[in-house]
Each structure stands twice: as C-alpha cells, then as structure tokens.
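Each chain, written out:
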Amino acid sequence: MTLESELAALGVEVSTDRDLRLKVSSDWSRMSPVLQDKLPPGRYLADLVVRPTSPDQVPAVLAVAYRHDVPVTPRGAGTGNYGQATPFDGGIVLDLRGLDHVEVTGETVRAGAGAKLTTVDEVARAAGRDIWIFPSTKGSTVGGFVGGGSAGTGTVEHRTTSDGYVVSATVAPMDGSGSLFTVSGKDLEPYVHTYGVTGVLVDVEIRTDPAREWVAVYGSFGSYADLVAVHRTLADLPVRPRLASGDEPALVPTLPVALDPERWSLRVIAEASTVDEVVDRIRGGCGEVVRVARDYAETDVVSGMSYNHPVYFLQQSLPADAPRLFHVESSGEPLWDSPDAVRACYSGPVHLHLELFQHGPGAMIVAEYSGEEELLAGIRRLESIGVGVHSPHQWYVDRNVELARETARRTDPKGLLNPGKLVSSPPVDSRVNIGVVR
Ligand SMILES: Cc1cc2nc3c(=O)[nH]c(=O)nc-3n(C[C@H](O)[C@H](O)[C@H](O)COP(=O)(O)OP(=O)(O)OC[C@H]3O[C@@H](n4cnc5c(N)ncnc54)[C@H](O)[C@@H]3O)c2cc1C
C-alpha cells in the first residue's frame, strides 16, 4: 500500500490538491519582511494535507508516517507569526481543525486541539466560566495557541500560556507506537510553545475563572505621556483588567473602529465594578472618555485591536510601493518612561503599540525595514537600554529548548515532527528575554 492509500484507509481526509497544499504550507509569517523573504509561498510545500476528525485518528496517522519516514507538521488555523507551521521537509501537514469538540468540566474546559478559541470562549461563557487567556486572533485554534502562541486578553492577570494556563493535554508521540498519553502539571512544559516538535496535541484542558461582566472602555489623550500616566496604573485596579491597549496617532486611523486620528488611544476591557474607577482615572489624567460599551461582544472588538493586530492593520493600509514595516515584541519600563530612547533604536518613523502585562508594559515596536542586520542591531540597542525583546523574525523553538530536545529524543526519535524548528544553536538571533526586568 502507498502512504496515501494507507492514510485513506484510516478514514481521514487526504488531499494532494496543489492550491490547498500551497495554502496550508504558509502561515502569517508574512508580517515579517525577514520571513517574507526567507519563506516565500511555495518554497516549502507539503506533499499531502491530512485532516483527522476523531482523536484516535491522530496517533494512527503518525504511526503510518513513522513507518514511511514521512515528516508531519501539525497545523491549526495557520495564524502563527514565525513560520513555525511551515513544512520545511514537505511530507504531511496535519490540519487539526476537525478536532473541535468543547466541553466544560467544572472549573476547566477540555477542547479538541482544533477547536476555535471563539467557540471555546462561547461554550465557557454559556457555562458561567471565563477562559484565562485568548489571543487577538480569537478565530485561531486552542491547540495552535498552546503549541505556538503566548499571550493576549487575560494576560494582565494570568500572564502567558506557560504560566498554568494548561491543566492537562492528550499528546500523540511520533515514536511508531500509534498511542496517546496524557500529561499534566510540570510535565506539560516541553509541550507548550514548542511548535509540535515533541508531540501533537490532540486535546487540551485549560483553566477558567468564574465568568465576570466585562466592559469595553475607550479613552483618548493629547500626548503619549498622558496616555502612559493612566496606562501604568491599570494593573492596580481592584480587579485587574482583561486587556489595556494603547496606540499612537499614527496607528489609530487604521484601526477598525473610528477614533480621533489626532489623539493617543487607550482601550480597556475592565471588570464592571471597576469601570467608574477607570473613567475617573482617564478624566483625572487629562483624557477624554470616548465610549463605554457593556455588551460582551464589544470587548471582542477591543481584543481584535490588541497585540499584533494594529501592526497588521497598519501594514495593510500602506500602498504597495511604501517601505515595508517590521515589528519587534518587547517589554520593560523604558516603553513607558523613555519612548524617545526606544524610538531612537531604529531610524525612520518608529511607532509604539502598548499592551499591559502583569508587571509593566509590553509593546509592539514598529519601524521601517532596511535589512535583517539593521533589524537585529536595533534589538541589541533596545536591550542596552533595558527593553526585553522577543524576535518574531525566526522560526526556531525558543522556550524550554533543552527540555524540548530531551523530550523529543523519546517522543520523536526520527526527528519527523515539524522538522527544522528545534535546534540547540540557531544560526540567527532567537533571543527571548521578553518579560525580563533589568
Ligand atoms: C494579526 C495577528 C495577531 C496575533 N495576536 C496574537 C496574540 O494576541 N497572542 C498570541 O499569542 N499570538 C498572536 N498571534 C499569533 C497566532 O495567531 C496565535 O498564536 C494563534 O493562537 C495560533 O493558533 P493557530 O491555530 O493559528 O496555530 P498555527 O499557526 O496553525 O500553529 C502554531 C504553531 O503550533 C503548532 N501546532 C498547531 N496545532 C498544534 C497541535 N495541535 N499540537 C502541537 N502543535 C501544534 C504548529 O505546528 C505551529 O508551530 C497573532 C497573529 C497575527 C497574524
């Protein structure tokens, strides 16, 4: 039997359609000019797209691939930014979106890896629970978020996907066994944010809180300093906000909500009992309260303008002949206190999109692209002034690398899972010191 017929005999969808293979062989790494150049569509192409619809089909697919020495790259919605779902050695792209079962089990939610976070949140809210964190790409999958994402709405309180977000997971190893195993607690570490190189997540159980009433509050300010003066107080509210994003005027007109393009924008997802306090702080800080919206759907609109999204909106608004823009993911007090020193790390116009972390600010720093070397030199300059940076311009696993390598020796002895992403010494700068307080 050929690989294809063996797979088809398992009852999974198998496709060799070129357009589909092209589509699922890329992700949103196109937001990085470095990765645009290194990973143009079509350079790396899956040979087969395989779509399981039941959990037990995943280990069965991996067992067949193992026997045939065929690489497998897991994929959710393909919204990852780092090219980390690109099948460098071809083989199978395993589209997990058919695994979309969601179930609330007391204080947690168990979801198939391919369930969209919009659905996971909807089911959780209907059962009176709030999932801890979801990314601004809420239509992405929970398996992809755990496998490749990090932070988002909920991060002010619950930090990242590596900080207790996952309670347990069912994992399919690539060891020829055709089996599944369950991991929980500290044993989850090598499976979170390691791009599927240690095993395919079949389902995940994530933490929730009792549901709260969330309110979208929009404010605006006449200067960056005024915006920051309020932004920096928001983690101290009696109930932490779910999100607090800020943008400079350069980023404001491209947001999907009409806001004054001359003013600095603040958008907060505040817990209902803290709304009056947020409003007072905005007004007391020389700001204007633009809008208070109490419908939960309105808070999703605010989430959809957070993290990488303003960078994407700005990139989309540019004419084709404009200089390309890149961003770096950053954190640290200089983003609040010394924005000019931050901007001076790159030449040309530099813009800041602010987020609030538990212990300080985070930002997407957006600048004009003039080459990878200059981009990396700017990262060193940022670090020299105390800004922590995570580079979104490389595809290597950059969290728990040694632990992932040790685990993969057992769970993927032939190195067939998402090849090319797990190396001990990446040839490019893959620093990840975001969140480091200097
Ligand atoms: C505009 C924009 C905004 C974004 N905002 C955020 C944000 O707020 N926060 C954030 O953290 N990220 C953000 N991202 C990145 C990305 O959208 C999220 O991390 C998203 O949750 C990834 O899910 P996905 O289903 O698209 O995963 P994919 O892109 O399909 O996969 C991501 C990685 O996980 C691996 N993977 C996928 N499924 C599995 C599985 N079941 N088992 C093991 N490995 C798997 C893939 O191989 C890949 O390496 C943003 C991206 C864009 C383009």
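Everything here concerns the structure above.
These notes cover the structure that comes with them. The shown structure was predicted, so the numbers you read here are calculated from the model rather than taken from an experiment. (Residues numbered from 1 in each chain as written. Predicted model: local features only at pLDDT ≥ 70, side-chain atom pairs only at ≥ 80, totals over all residues.)

Turning our eyes to something else, we now look at the sheet that holds strand E17 (residues 360–368). Each strand in a sheet pairs with another by means of backbone hydrogen bonds, the pair being arranged parallel or else antiparallel. The strand order E14-E11-E13-E12-E16-E17-E15-E18 describes an open sheet built from eight strands, whose pairing is antiparallel. With partners counted over all chains shown, the strands left at the sheet margins are strand E14 (288–293) and strand E18 (388–390), one partner each. This sheet shows a mean twist of 20 degrees between the axes of neighbouring strands, independent of strand direction. In this sheet, E18 lies alongside strand E15 (residues 325–331) in antiparallel orientation, the contact comprising three bridges. Looking at E18, one finds that Ser331 is bridged to Gly388. Sheet strands touched by helix H9 (residues 275–284): strand E11 (214–221), strand E13 (264–271) and E14. Its angle to E11, the strand with the most contacts, is close to 5 degrees. (Pairing = 2+ DSSP bridges. Helix = DSSP H or I, 4+ residues; strand = E, 2+ residues; numbered from the N terminus. Axes fitted to C-alpha atoms, helices over the stretch in contact; angles between N-to-C directions. Contact = placed C-beta atoms within 7 Å.)

Before going further, it helps to examine the site of the ligand. Neighbouring the ligand are 39 residues, the closest being Gly76, Gly144, Gly148, Gly149 and Gly196. Mapped by element, the contributors of at least two residues to the shell around the ligand are strand E3 (72–75), helix H6 (142–148), strand E10 (200–210) and helix H11 (309–317). Classifying every residue of the shell around the ligand gives 15 nonpolar, 22 polar and two charged. (Near = placed C-beta within 6 Å. Nonpolar A, V, L, I, M, F, W, Y, C, P; charged D, E, K, R; others polar.)

Before going further, it helps to spend a moment on the environment of Ala408. Among the secondary structure elements, Ala408 is positioned in helix H15 (residues 401–411). By the C-beta count within 10 Å, which is 22 here, Ala408 ends up buried. Note: C-alpha distance between Ala408 and Leu422 (14 residues apart in sequence) is 9.2 Å. The residues touching Ala408, leaving out its near neighbours within four places in the chain, are Val197, Thr198 and Leu422. (Buried ≥ 20, exposed ≤ 12 C-beta atoms within 10 Å, placed from the backbone.)

So, on to helix H8 (residues 224–231). When H8 is considered as a whole, its buried residues turn out to be Leu227, Val228, Val230 and His231. Buried residues in H8, looked at end-on, bunch into an arc of 165 degrees, giving them a common side. Turning to H8, the residues buried within the fold contact E11, strand E12 (243–247), E13, H9, helix H12 (334–337) and strand E16 (351–357). (Arc of directions from axis to C-beta.)

Take the sheet that holds E3 next. The mixed open sheet is built from four strands, whose spatial order is E1-E2-E4-E3. One side of each edge strand has no neighbouring strand; the edge strands of this open sheet are strand E1 (13–15) and E3. Strand-to-strand twist in this sheet, taken as the mean axis angle between neighbours without regard to direction, amounts to 20 degrees. Sheet analysis places E1 next to strand E2 (residues 48–51), joined by three bridges and oriented antiparallel. The partner of Ser15 across the bridge, within E2, is Val49.

Looking at the element boundaries, Gln358 is found in the loop between E16 and E17. As a C-alpha pair, Gln358 and Phe313 span 45 residues in sequence and 26 Å in three-dimensional space. Dropping the residues within four chain positions of it, Gln358 is found in contact with Val156, Arg159 and Ala235.

Next up on the list: the environment of Pro361. As for its position among the elements, Pro361 is in strand E17. Here Pro361 falls in the buried class, since 24 other C-beta atoms lie within 10 Å of it. A sequence separation of 81 residues divides Pro361 from Asp280, and the C-alpha atoms of the two residues are 21 Å apart. Pro361 has contacts with Ser331, Leu335, Trp336, Leu354 and Leu356, leaving out every residue within four places of it along the chain.

This part covers H11. Counting along an α-helix, one turn takes 3.6 residues, and residues three or four places apart therefore face a common direction. Regarding H11, the residues found buried are His309, Pro310, Val311, Tyr312 and Leu314. Next to the buried residues of H11 lie E12, E15, E16 and E17.

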